[in-house]
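Residue-level structural notes
Spelled out from the first residue to the last, the chains are:
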Amino acid sequence: MKSAQSIYDGLSTERNQWLDRGRRSASLTIPYLIPRANTPIQENVDSFDLPWNGIGQRGVNNLSAKLLMQILPPTEAFFRFTLDPIEMEKQEAQMLQSGASPEEIASIKSETDLSLNKLELSILRSIETSNDRVMVHEALMHLIVAGNVLLHIAEDGLRLYPLNRYVLLRDPTGEPLLAVVCETMAIDQLPASIRSELAKDKDEYHGLVGGEANPLPDVGQDADTVDIYTCIKWHDSGVEWFQEINNSEIEGTRGTSDKSTSPWLPLRMSSYQASSYGPGYIESACIADLQTAEALSQAVSECALVSAQTKHLVRPSGVTNAKQLADAPNGAYLPGNADDVFTIRTDKGSDINVAFTALQRIEQRLAAAFMLSEIRDAERVTAEEVRIQTNQIEMSLGSVYAILTSEFQAPYIRRRLALYMKQGGMQKLPEGLVQPMVSVGLAGVGRGNDLEKTARFINILQQSIGPEGMAKYLDEVELIKRLSSAMGISPLGLVKSEQQVAAEMQQAQQQAMQQQLAANPQGLASAAQTVQEMNTPSEEPNG
């Protein structure tokens, strides 16, 4: 059986090719995201050349922030737990066979929905108090630039591994099969049990003698380091992982998990069937424009710097003294001839304008790719125009939302639910009964399309048949339901139910009748007499 280190070395060749492609994208956006070394190092002290154009940096930060607000919104629940309809039918059939009435089953379903709502709030509260959003934002930056990242969701928080710290192998359908993570750590940061095992190898670690650890230097003072390899394997029955040092498994590090609640999430920005990795958003959407913008920005900047300089030439055979002219204060009088002094001119203004115009066009395309708000420069720009432009940009990221929903959001929610139950937050749910449903990202884009179509339908209908026709043919209750669903707003407690509206109408009619009778006392007396006569039984004549 191969060791984790040998597997890592064997899969590094393909991974390094994707690292080089990621570095090309990082050099045009945020260079420090991907270190120069292919192997992990404890502290990255690399120096990087800064790009000439800052639209790449601004675009990556803006796009990662927008994606974070879409997949992990802080102001709303981005998921909801639903009951599987097939499993619910089985449960209802069993309850009916056991003698439960339909009313009891309906009451149980209502209580279950309320419990699921409380569970959603508990999961959201655990996410809000964790470091997940910080790490997910960094992971999104890696996905945009490098295209690949590995997340580990543990009980103590979420951890990120960039592309230079792991290798990955997928099957032809894109499902992960094998991954190996390499971490470099100082020996004095390891647990005492692991250090005692390393102490047995006296030849490799000079600070460990006789099987007992001598005092080791602090981190930062040339401390010895060691590579720790974590091997993760996916199979049909679940996921298992363990750690190795010096080709030997570390005791107590082996763990297992169900495939649906795996703590290891290998993410990619784009699906690429021919490889275990995928290209980043930069490479697949705007690498050509970024390279052109970089070259044009450098040319325009250097030309502007040269044009901004002011230098003079003095005729060698003239009567003007160059040193006296340079040292003279402002407003001084000097002997000389004006024809002896010449100011250097580049006369490259028209050439700079050509490059600057081309750069502006490319920056507009990059702004659209990075979802930077570029509103049309005009005197009258309506809010509807801005909204339509924003929706078009949102829909252009549909493929990004699709892969993030399937490979991150749904597994992330299932893992968070499993950790919540493991920590004693609630009893374990029946397997397959409760399923998380993502309500943001791609689903949010779909709701936006439904809302736009509904609004257009109402507008056309109002123009065609008028308000009276709409009141005659349109069901207001159903319209409110569809609008609230399209906008992602729960109507419970906000919109009155049909029973509540009917009760209020009946109460209003009774109040109107009482006011009318109070204004007409004779009518009130007549109505009271009529009621009394109706309640008094009539006497039958004796036959």
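In the block above lies the structure referred to throughout.
These figures come from a predicted structure and were not determined experimentally.

Calculation criteria
Residues numbered from 1 in each chain as written. Predicted model: local features only at pLDDT ≥ 70, side-chain atom pairs only at ≥ 80, totals over all residues. Heavy atoms only, no water. Helix = DSSP H or I, 4+ residues; strand = E, 2+ residues; numbered from the N terminus. Contact = heavy atoms within 4.5 Å. Areas by Shrake-Rupley, 256 points an atom, 1.4 Å probe, with all protein chains shown as cover. Phe/Tyr/Trp six-rings, centres within 6.5 Å; stacked < 30°, edge-to-face > 60°. Lys NZ or Arg CZ within 6 Å of the ring centre and 35° of its normal. Buried < 20%, exposed > 50% of the residue type's maximum accessible area, 1.4 Å probe, protein only. Polar contact = N/O pair within 3.5 Å; in protein donor to acceptor, adjacent residues only side chain to side chain. Lys, Arg positive; Asp, Glu negative; His and termini not counted. Salt bridge = Lys/Arg side-chain N within 4 Å of Asp/Glu carboxyl O. Core = buried A, V, L, I, M, F, W, Y, C linked by side-chain atoms within 4.5 Å. Pairing = 2+ DSSP bridges. Axes fitted to C-alpha atoms, helices over the stretch in contact; angles between N-to-C directions. Expected span 1.5 Å × (residues − 1). Parallel < 35°, antiparallel > 145°, perpendicular 65-115°, else oblique. Left-handed = near helix turned anticlockwise from the far one by under 90°. Nonpolar A, V, L, I, M, F, W, Y, C, P; charged D, E, K, R; others polar. Patch = residues over 30% accessible without salt bridge, like charges linked within 9 Å, V, L, I, M, F, W, Y side chains within 5 Å.

So, the overall build of the protein chain
Helix and strand counts for the protein chain come out as 16 helices and 15 strands. If you take every contact in the protein chain between residues at least 6 apart in sequence, the share linking residues at least 24 apart comes to 69%. When the accessible surface of the protein chain is totalled, it reaches about 33,200 Å², and 52% of it is carbon and sulfur.

Remarks on the packing of aromatic side chains
Under the definition given, this model contains 4 aromatic pairs. Among the aromatic residues, ring-to-ring pairing joins Tyr161, Trp241 and Trp264 into one connected group. Above the plane of the ring of Trp18 lies Arg21, whose end atom (NZ or CZ) is 4.1 Å from the centre.

Notes on the environment of Ser3
Looking at the element boundaries, Ser3 is found in the segment before helix H1 (4–27). Taking relative accessible area as the criterion, Ser3 reaches 16% and is therefore assigned buried. Setting aside chain neighbours within four positions, we find Ser3 in contact with Glu244 and Asn247. Engagement of the side chain of Ser3 in a polar contact is seen with the side chain of Asn247, the distance being 3.3 Å.

Some remarks on unusual backbone geometry
One non-glycine residue, Asn247, lies in positive phi territory at about 65 degrees. Its location among the elements puts Asn247 in the loop between strand E9 (238–245) and strand E10 (248–249). Judged by its relative accessible area of 47%, Asn247 falls in the partly exposed class. Although it is not a glycine, Met371 sits at a positive phi angle of roughly 60 degrees. In this fold, Met371 is placed in the loop between helix H10 (349–369) and helix H11 (383–396). For Met371, a relative accessible area of 7% gives the class buried.

With respect to the side chain of Glu244
Mapped onto the secondary structure, Glu244 falls in strand E9. Comment: no salt bridge for buried Glu244; closest opposite-charge side chain is Arg254, at 6.9 Å. Separated by 2.9 Å, the side chain of Glu244 and the backbone nitrogen of Ala4 make a polar contact. Discounting chain neighbours no more than four positions away, the residues touching Glu244 are Ser3, Ala4, Gln5, Asp227, Ile228, Tyr229, Glu249 and Ile250.

A few points about the nonpolar core
Ranked by size, the top nonpolar core spans 96 residues in total, and within it Phe81, Phe370 and Tyr412 carry the most contacts. At 10 residues, helix H12 (residues 398–422) tops the list of elements feeding residues into this core. In contact with Phe81, other than residues within four places in its own chain, are Leu116, Leu119, Glu120, Ile123, Ile413, Leu417, Val434, Gln435 and Pro436. By size, the runner-up hydrophobic cluster in this structure holds 8 residues, among which are Ile187, Leu198, Ile245 and Ile250.

Looking at the sheet that holds strand E3 (residues 157–161)
The 3 strands are arranged E3-E2-E12 in an open sheet whose pairing can be described as antiparallel. At either end of the open sheet lies a strand with only one pairing partner, and these are E3 and strand E12 (264–268). Pairwise comparison of adjacent strand axes, ignoring direction, gives a mean angle of 25 degrees for this sheet. With 5 bridges joining them, strand E2 (residues 148–154) and E12 adopt antiparallel strand pairing. Across the sheet, residue Leu150 finds its bridge partner in E12, namely Pro266.

Considerations on the pairing of strand E5 (residues 176–186)
In terms of burial, E5 is largely enclosed, as 9 of its 11 residues are buried. For strand E4 (residues 166–170) and E5, the ladder comprises 5 bridges, and the chain directions are antiparallel. When the sheet's bridge partners are listed, Arg170 is paired in E5 with Pro176. Where E4 hands over to E5, the hairpin turn is made up of 5 residues, of which Gly174 adopts a positive phi near 95 degrees.

A few points about helix H3 (residues 85–97)
Between the first and last C-alpha of H3 there are 18 Å, a value that for 13 residues agrees with the 18 Å anticipated at 1.5 Å per step. Among the residues trailing H3, Gly99 stands out with phi positive, at a value near 100 degrees.

Observations concerning the pattern of salt bridges
Tallying each qualifying case throughout the model produces 14 salt bridges. With a shortest N-O distance of 3.6 Å, Glu240 and Arg254 are connected by a salt bridge. Here Arg254 lies in the loop between E10 and strand E11 (255–257) and Glu240 lies in strand E9, a separation of 14 residues in the sequence. The partner of Asp340 in a salt bridge is Arg315, and the shortest N-O contact between them spans 3.5 Å. Note that Asp340 is positioned in the loop between helix H9 (322–327) and strand E14 (341–343) and Arg315 in the loop between strand E13 (312–314) and H9, a separation of 25 residues in sequence. Beyond isolated ion pairs, a larger network of salt bridges with shared partners links Arg21, Arg24 and Glu283.

Brief notes about the packing of helix H5 (residues 132–145) against H12
Between two packed helices, what matters for the description is the angle formed by their axes and the separation of those axes. At their nearest, the axes of H5 and H12 sit 14 Å apart, and the two run at 160 degrees to each other. When the axes of H5 and H12 are compared, the pair comes out roughly antiparallel. Seen along the crossing, H5 lies across H12 with a hand that is right-handed. For the pair formed by H5 and H12, the contact residues are Asp132, Val136, Leu140 and Leu143 on the first element and Leu404, Phe408, Tyr412 and Arg416 on the second. Split by residue class, the contact of H5 with H12 holds 6 nonpolar, no polar and 2 charged.

Overview of the environment of Pro35
Relative to the helices and strands, Pro35 resides in the loop between H1 and helix H2 (55–71). A residue is classified by how much of its surface remains accessible, and Pro35, at 11% relative accessible area, is buried. Sequence separation between Pro35 and Leu19 is 16 residues; the distance between their C-alpha atoms is 9.4 Å.

Some details on the pairing of strand E8 (residues 225–235)
Note that E5 and E8 share 9 bridges and pair antiparallel. Each residue of the ladder has a partner; that of Glu183, found in E8, is Ile228. As paired elements, E8 and E9 share 7 bridges and run antiparallel to each other. When the sheet's bridge partners are listed, Thr230 is paired in E9 with Gln243. Between E8 and E9, which follow one another and run antiparallel, lie 2 residues.

With respect to a nonpolar patch on the surface
The grouping of Leu313, Phe342 and Ile344 at the surface amounts to a nonpolar patch, some 290 Å² of accessible area in total. Tracing the chain through its elements places Leu313 in strand E13.

Shape descriptors only; they carry no functional weight alone.
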